[in-house]
Amino acid sequence: MRIDNLRPGFALRFWALTAVMAMATLTVPLSVSAQDSGTETFQRDPKQAIDETYTEHIKKYTTAPALNSPLTDYLPASSSVPTPAKVLGDVAGAPDVLPYAEEVYQYFRLLAAASPRVKVFTIGHTEEGREMIAVAVGDESLLTHAKENGARLAQLADPRSLELDDAKAAALISRSYPVYYITGAIHSPETGAPTALMELAYRLAVDNAPYLQYIRTHLITLITPVVEVDGRDRMVDVYKWHKAHPGENWPHLAYWGHYVGHDNNRDAMAVTLELTQNVLNTMLDWHAPVLHDLHESVPFLYDNTVGDGPYNSWIDPLLTHEWSMLASDNMARMQGFGMPGAFTHGDFDTWSPGYLMFLAAFHNGISRLYETFGNGGADTEKRWLSPDEYSRTWYRPNPPYPTVVWSQRDNNNYEQTALLSALSYFAHNSKLFLNNFYLKSKRSVEKPANGGPAAYVLAQDDRFGNRQMQLLKVLALQHVEIHQLTKEAKVALPPPPRKDGEEPKPGTPPPPASQTFPAGSFVIRMDQPFSRIADALLDRQFWSPQDPQKEPFDDTGWCFGDLFNAKVSRVTDNGILSAPMSLLPDLGQIPAPEVGPGPFYVVNNSAQVSLASLVYASHGAANLSISEEDFESEGHKFAAGSLIIGGVDASKLEPLLRQFDLAAVSLASQPSAKVHPAAAPRIAFMHTWLSTQTEGWWRMAFDKLQVPFAYLSTQAVAKEPDLRARYDVLIFAPAGHVSGQQIVDGLPLWGNALPWQTTSLTPNLGKLDSTDDLRPGLGEAGVAHLKDFVQQGGLLITAEDTAEFAIEEGMAPGVFVAPRKDLKVVGSVLNSAVVDNKHPVAYGYDGAVALYSADGLAFTVSNLTVNSHILTAKEYKRPTGRGGPDDEDVPQGRPFEKAPPLPAPKPWQAVPLNEEQERNNPFLIPAEYRPQVILRYADMKDLLLSGLLENGDSVAEHPAVVVAHFGNGSVLLFANNPVYRGETIGSYALVFNSIINFGHLK
Ligand SMILES: [Zn+2]
């Protein structure tokens, strides 16, 4: 279909949308909407020569004419600027060609050397030290004055600098141009973006087509061609191995980044990964109002930003319409070019803000994401689509083909065509989008006056200080301003929510009408440009079970105040904003608590994240013990689990306390509490070769907290008969929804071996761990070695699927998985209660603990090793007989004998057995080996903190964290995931308590 035929319709659509936008945002100055893209032709400049060979190869590698467009079916020639072929040896997207990140960078640097329209910047490095870059492409005049332009954009991004004056903003906008930031290859098996972006940059720099000239003179395109650089290089290794072993199966990408795989695109909340920090800082340095992330999975091009509901509740409503505007024009253009399978609605809700692109959504920009089609490498392959992919539906009137021969060049055609038309639309509407950027920033500042809240306050309180600091560090990484009260502040509290018709019980005292925060409390003001990200992280979420969206794309709850156990108050009284407070320029300026003369010090246990860090850092250089009871000394009160330190100089202790955000009380004499030595046991992580992502979040937490560990695969454990000689604690973090059988069996063994090793062909594989064959699992030998390890006194830590594995393998006598019934939980934050606050695992916790639950796993416990049903009072139904429903039956003709009462345990308790049930019962667990329930899920009415919960009876009140005993050792089982995506700081101490109290868990 020729594009000329459709042009009038596009013009109409564009003007209709512009009119809607102008009406929706009445403050848009007239000049802002005066740009016009309705007459865009996308025709090449007939006077510019084309690169004949390159163009010929584009045609050759495109598998069907409809899979290309007039924008990318040629390449303009240049006598001075090299094409991607200079580095690739062939065109972008050529079969069998997959460049390493370094080769991609090499090309961009050649481009920058040859063209004044291209500049390359280093934006940081990965966990493994690989470089990340950003490439700016635009007209020379734009790049030369990028700094002055950036200063203007900075004022639009912080409208306080303009006194929120629209006229001042309009004057700046008229002289400014936006930055459109495109990122590729965050997901390493999605391989097409780097070459597509190489060629895109060439076109932007060289092509004289009028539409391209317009783009480069009206905006700067900023490109990070490879976001996950560590993973990219491993993926290229795997691809090279595949090409060197034709006809064989090739290894899956066992590691992408250093810690996580696909979840690197779920880090935009906690900002734990280098790649997230580098992209965020680059976006904010350039004040880019768009972050457009490129992915591959859905055929042929899914602009998923419009997606489906529910939309995130904390974004500016204007953003949702910007998504629609951009996608509507973009996909209409794709249809105009006659490219099949381009659409914008579909599977994907924008509820969770964890995606990389959401960095823009919550910093007043526009988040965008393309899913294109890819083959996971540069092979050209026949692909069979599924009906849900190729069927026609209302939002996909021109669907992908049921089968298609697909090449990486096809992918590059789609990515570039869609991006070029998106850039054109954005350039033609740059003033409108800059004004929207300003408006969203302004409304972020005006938040307290419009919907609120006024602020979030983290009350100064030593019990929460350590975890509050971890939360403040996240907010600082998000570039959120943090203030500290210089005097105490009193705020009015709103009346508590009350259900319809519910009256307070007579005689109950009225709820407090005000709250006072002490001086030193931290205030996150909502009248700042980045109030939205803080509001979204600190507020609670509710996903209705009645929501029409039945398949949430990711987590439904994430409330950081709860998950960090950080005591965060949502304040709606705008009076807080006038309280005396000072801006903290950086968190390092908070004065460290004084360290007294000693010679004894106590770090009170308040479930800090980093008590274990201090134990490992000072083990051997100080006398470390842990109190087994609450105690008082020299006028100070300490909780059970507190760390008592002797034999160390204040000068040695002070920097450690500072480093780990801890405070110690100095004592003149040794406290007389009952103690045991603090342990710094030898830790090993055990990972499967099936998936290393979920355990990767655990590794990251241990590395950041400097708790050392060895790293073993299930295969290594299968070969190590005496684990106990080498390790005290084995951590089997969640493997990621795998079954016990998969853990034991691994992958099927037919076919060829799948190596993961450092070789000259695959220099980036191996390293973290290596194997000559990814397929074998733990095996029966490995299971036996694990059992020996625990029985000989080791501690095995498990969570989610690995807890189920430990139960199935008989290593957790008396612990069972609770039947799920019709429960529905999708990444929710659930409340729990401490059952045994004297148990070391619970040291520092009191009352409620927020837990992250992926799917509502819960346990039951029993005094038997078999899950026998024992009748309880709750289940008893009276038989037919005399009397009413609640009366007792009385047999006739003999004196009445009252039956002994049936047991009435709580759902988190084992059913007590009577003498009859215990007599000669081989399944009876001796009292000292029975499982100890540490935490249980809260009662139904208090269970849900954030997210989705439906039919929660099967999890309410059930055990969540249990210590089982097996031989001389123990197995710690988490139904929740206590170490997850850097978001569950509040439950970390459950894990670390078990480690530093190793040997004292019974
Ligand atoms: Zn992806």
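Please read all numbers here as calculations on a predicted model, not as lab measurements.

Participant: What should I look at first to understand the overall build of the protein in this one?
Facilitator: Secondary structure assignment for the protein yields 30 helices and 38 strands. Relative to a compact globule of 1002 residues, whose C-alpha radius of gyration would be 30 Å, the protein shows 31 Å and is just as compact. Principal axes of the C-alpha set define a box for the protein whose edges measure 110 × 75 × 70 Å. The 1002 residues of the protein split such that 60% are buried. In the protein, 81% of the contacts between residues at least 6 apart in sequence involve partners at least 24 apart.

Participant: Just to check I follow, could you spell out the pairing of strand E37 (residues 959–966) for this structure?
Facilitator: On a regular strand, each side chain points to the face opposite its neighbour's, so the side chains alternate between the two faces of the sheet. Among the 8 residues in E37, 8 count as buried, and that is most of the element. Relative to E37, strand E34 (residues 932–937) runs antiparallel, the two being bridged by 4 bridges. Bridge pairing in E37 places Leu-935 opposite Val-961. Two elements, E37 and strand E38 (residues 969–974), share 6 bridges in a ladder whose sense is antiparallel. Bridged to Val-963 within E38 is Leu-972.

Participant: What exactly am I supposed to notice about a negative patch on the surface here?
Facilitator: A surface patch of negative charge is lined by Asp-308, Asp-347, Asp-388 and Glu-551. Examined against the element boundaries, Asp-347 turns out to sit in strand E7 (residues 342–350).

Participant: What's the story with helix H20 (residues 611–618) in this structure? I'm lost.
Facilitator: Given 3.6 residues to a turn, an α-helix orients residues that are three or four positions apart in the same direction. Burial runs high along H20: 7 of the 8 residues are buried. Taken residue by residue, H20 has Leu-611, Ala-612, Ser-613, Leu-614, Val-615, Tyr-616 and Ser-618 as its buried positions. The elements touched by buried residues of H20 are strand E18 (600–603), strand E19 (623–627), strand E22 (643–646), helix H21 (650–659), strand E25 (683–687) and helix H30 (985–996). Downstream of H20 by one or two residues, Gly-620 has phi in the positive range, about 90°.

Participant: How do you make sense of helix H9 (residues 210–218) when you look at a structure like this?
Facilitator: Buried within H9 we find Tyr-211, Leu-212, Ile-215 and Arg-216. Taken end-on, H9 shows its buried residues confined to a sector of 130°, consistent with a single buried face. Where H9 is buried, its residues meet helix H5 (140–144), helix H8 (193–206), strand E4 (220–224) and helix H15 (408–428).

Participant: How do you make sense of the nonpolar core when you look at a structure like this?
Facilitator: The nonpolar side chains of a soluble globular protein tend to be buried with one another. With 289 residues, the main nonpolar core has Ile-524 and Leu-973 as its most contacted residues. Setting aside residues no more than four positions away along its own chain, Ile-524 makes contact with Ala-455, Tyr-456, Leu-458, Leu-472, Leu-475, Val-480, Glu-481, Ile-482, Ala-534 and Leu-538. By size, the runner-up hydrophobic cluster in this structure holds 14 residues, among which are Ala-455, Val-457, Val-491 and Ala-579.

Participant: How do you make sense of the coordination of the zinc ion when you look at a structure like this?
Facilitator: In an ideal octahedron of six donors the angles at the metal are 90 or 180 degrees, and in an ideal tetrahedron of four donors they are 109.5 degrees. On the protein side, the zinc ion has His-187 (ND1), Glu-190 (OE), Glu-190 (OE) and His-295 (ND1) as donor atoms, found 2.1 to 2.4 Å from it. Coordination at the zinc ion comes from 4 donor atoms whose angles at the metal span 55 to 151°, giving a geometry best classed as irregular. The sequence pattern formed by the donor residues of the zinc ion is H-x2-E-x104-H.

Participant: Help me understand the confidence of the model for the protein, please; the structure alone is not making it clear to me.
Facilitator: Keep in mind that low pLDDT regions are not for reading the predicted coordinates in detail. Counting all residues, the mean pLDDT for the protein is 94, and 96% of those residues have values of 70 or more. Under a pLDDT of 50 for its full length, residues 1–33 has, in the predicted model, 50 contacts with residues more than four places off or in other chains.

Participant: Sorry, what's going on with the sheet that holds strand E6 (residues 301–311) here?
Facilitator: Hydrogen bonds between backbone groups are what pair the strands of a sheet, and the pairing can be parallel or antiparallel. Strand order in the open sheet formed by 8 strands is E1-E2-E4-E3-E5-E8-E6-E7, and the pairing between neighbours is mixed. Only two strands of the sheet have a single partner each, and these edge strands are strand E1 (118–125) and E7. The average angle at which neighbouring strand axes cross in this sheet is 30°, direction not considered. Pairing of E1 with strand E2 (residues 131–137), which is carried by 7 bridges, proceeds in the antiparallel orientation. Paired with His-125 across the bridge in E2 is Glu-131. Lying on the sheet, H8 is in contact with E1, E2, strand E3 (179–183), E4 and strand E5 (290–296); it crosses E4 at an angle near 155°.

Participant: Please clarify how a nonpolar patch on the surface should be interpreted in this entry.
Facilitator: Together, Leu-871, Tyr-876 and Leu-902 make up an exposed nonpolar region whose accessible area comes to about 260 Å². Checked against the element boundaries, Leu-902 lands in the loop between strand E33 (859–861) and helix H28 (915–918).

Participant: So what exactly am I meant to see when it comes to empty space enclosed by the protein here?
Facilitator: Gaps left between atoms show up when a probe the size of a water molecule is rolled over them. Scanning all chains against the criterion turns up 6 cavities of 30 Å³ or more. Approximately 80 Å³ is the volume attributed to the largest cavity. Lining the largest cavity, in full, are Thr-126, Glu-127, Glu-228, Asp-230, Gly-257, His-258, Tyr-259, Val-260, Leu-273 and Leu-275. Here the lining of the largest cavity is built from residues that sort into 4 nonpolar, 3 polar and 3 charged. Reported here for the second largest cavity is a volume of approximately 60 Å³. Its residues placed into classes, the lining of the second largest cavity shows 4 nonpolar, 4 polar and 2 charged.

Participant: How do you make sense of unusual backbone geometry when you look at a structure like this?
Facilitator: Where the residue is not glycine, phi is negative for most of them; where a peptide bond is considered, it is trans in most cases. The residue after Gly-309, namely Pro-310, is reached through a cis peptide bond having omega -5°. With respect to the helices and strands, Pro-310 occurs in strand E6. Of note, the bond from Gly-598 into Pro-599 is cis; its omega dihedral lies within 30 degrees of zero at 10°. For Pro-599, the location among the structural elements is in the loop between strand E17 (581–583) and E18. The backbone of Lys-767 shows a phi angle near 60°, a positive value even though the residue is not glycine. Its location among the elements puts Lys-767 in the loop between helix H25 (740–745) and helix H26 (779–791).

Participant: Looking at this structure, I do not really get the environment of Arg-498. What am I missing?
Facilitator: Take Arg-498: it is sitting in the loop between strand E13 (489–492) and strand E14 (514–517). Since its relative accessible area comes to 51%, Arg-498 is described here as exposed. What Arg-498 contacts, discounting residues up to four positions off in sequence, is Glu-503 and Pro-504.

Participant: Would you mind showing me how to read the pattern of salt bridges here?
Facilitator: When the charged atoms of two side chains with opposite charge come close together, those side chains can pair. Scanning the model with the defined rule gives 39 salt bridges in all. Glu-128 is the salt-bridge partner of Arg-234, the closest N and O atoms lying 2.9 Å from each other. In this pair, Arg-234 is assigned in helix H10 (residues 229–244) and Glu-128 in the loop between E1 and E2, connecting sequence segments 106 residues apart. Arg-234 sits in the buried class, given a relative accessible area of 1%. Arg-160 is the partner of Asp-158 in a salt bridge, and the nearest nitrogen-oxygen pair spans 2.9 Å. Here the salt bridges share partners, and the residues they tie into one network are Glu-128, Arg-130, Asp-230, Asp-233 and Arg-234.

Participant: Please clarify how the pairing of E5 should be interpreted in this entry.
Facilitator: Within E5, 7 of the 7 residues are buried, which leaves it mostly tucked inside the rest of the structure. Side chains of E5 alternate between two faces, with Val-290, His-292, Leu-294 and Glu-296 and Leu-291, Asp-293 and His-295 buried alike. As paired strands, E5 and strand E8 (residues 366–372) are joined by 7 bridges and run parallel to one another. Across the sheet, His-295 pairs through a bridge with Glu-371, a residue of E8.

Participant: Mind showing me how you'd approach the packing of aromatic side chains here?
Facilitator: What characterises a pair of aromatic rings is the spacing of the ring centres plus the angle enclosed by the ring planes. Applying the stated criterion to the full structure yields 35 aromatic pairs. Measuring from centroid to centroid gives 4.8 Å for Phe-348 and Phe-553, while their planes differ by 75°, and the two rings are edge-to-face. Remark: Phe-553 occurs in the loop between helix H18 (531–538) and helix H19 (560–563) and Phe-348 occurs in strand E7; sequence separation between them is 205 residues. A relative accessible area of 4% places Phe-348 in the buried class. Look at Phe-358 and Phe-362: their rings are 5.4 Å apart centre to centre, the planes differ by 65°, and that puts the pair in the edge-to-face class.

Here is what the cut-offs are and how they apply
Residues numbered from 1 in each chain as written. Predicted model: local features only at pLDDT ≥ 70, side-chain atom pairs only at ≥ 80, totals over all residues. Heavy atoms only, no water. Helix = DSSP H or I, 4+ residues; strand = E, 2+ residues; numbered from the N terminus. Rg over C-alpha atoms; globule rule 2.2 N^0.38 Å. Buried < 20%, exposed > 50% of the residue type's maximum accessible area, 1.4 Å probe, protein only. Contact = heavy atoms within 4.5 Å. Pairing = 2+ DSSP bridges. Patch = residues over 30% accessible without salt bridge, like charges linked within 9 Å, V, L, I, M, F, W, Y side chains within 5 Å. Areas by Shrake-Rupley, 256 points an atom, 1.4 Å probe, with all protein chains shown as cover. Salt bridge = Lys/Arg side-chain N within 4 Å of Asp/Glu carboxyl O. Lys, Arg positive; Asp, Glu negative; His and termini not counted. Charge placed at Lys NZ, Arg CZ, Asp CG, Glu CD. Arc of directions from axis to C-beta. Core = buried A, V, L, I, M, F, W, Y, C linked by side-chain atoms within 4.5 Å. Donors = N, O, S within 2.8 Å, 3.2 Å for Na, K, Ca; no water. Tetrahedral: all angles 85-135°; square planar, octahedral: opposite > 155°, others 65-115°. pLDDT = per-residue confidence, 0-100. Axes fitted to C-alpha atoms, helices over the stretch in contact; angles between N-to-C directions. 1 Å grid on protein atoms, 1.4 Å probe; cavity = no way out; pocket = protein on both sides within 12 Å on 5 of 7 lines; lining within 4 Å. Points joined across faces, edges and corners; volume = space filled by probe spheres on them. Nonpolar A, V, L, I, M, F, W, Y, C, P; charged D, E, K, R; others polar. Phe/Tyr/Trp six-rings, centres within 6.5 Å; stacked < 30°, edge-to-face > 60°.

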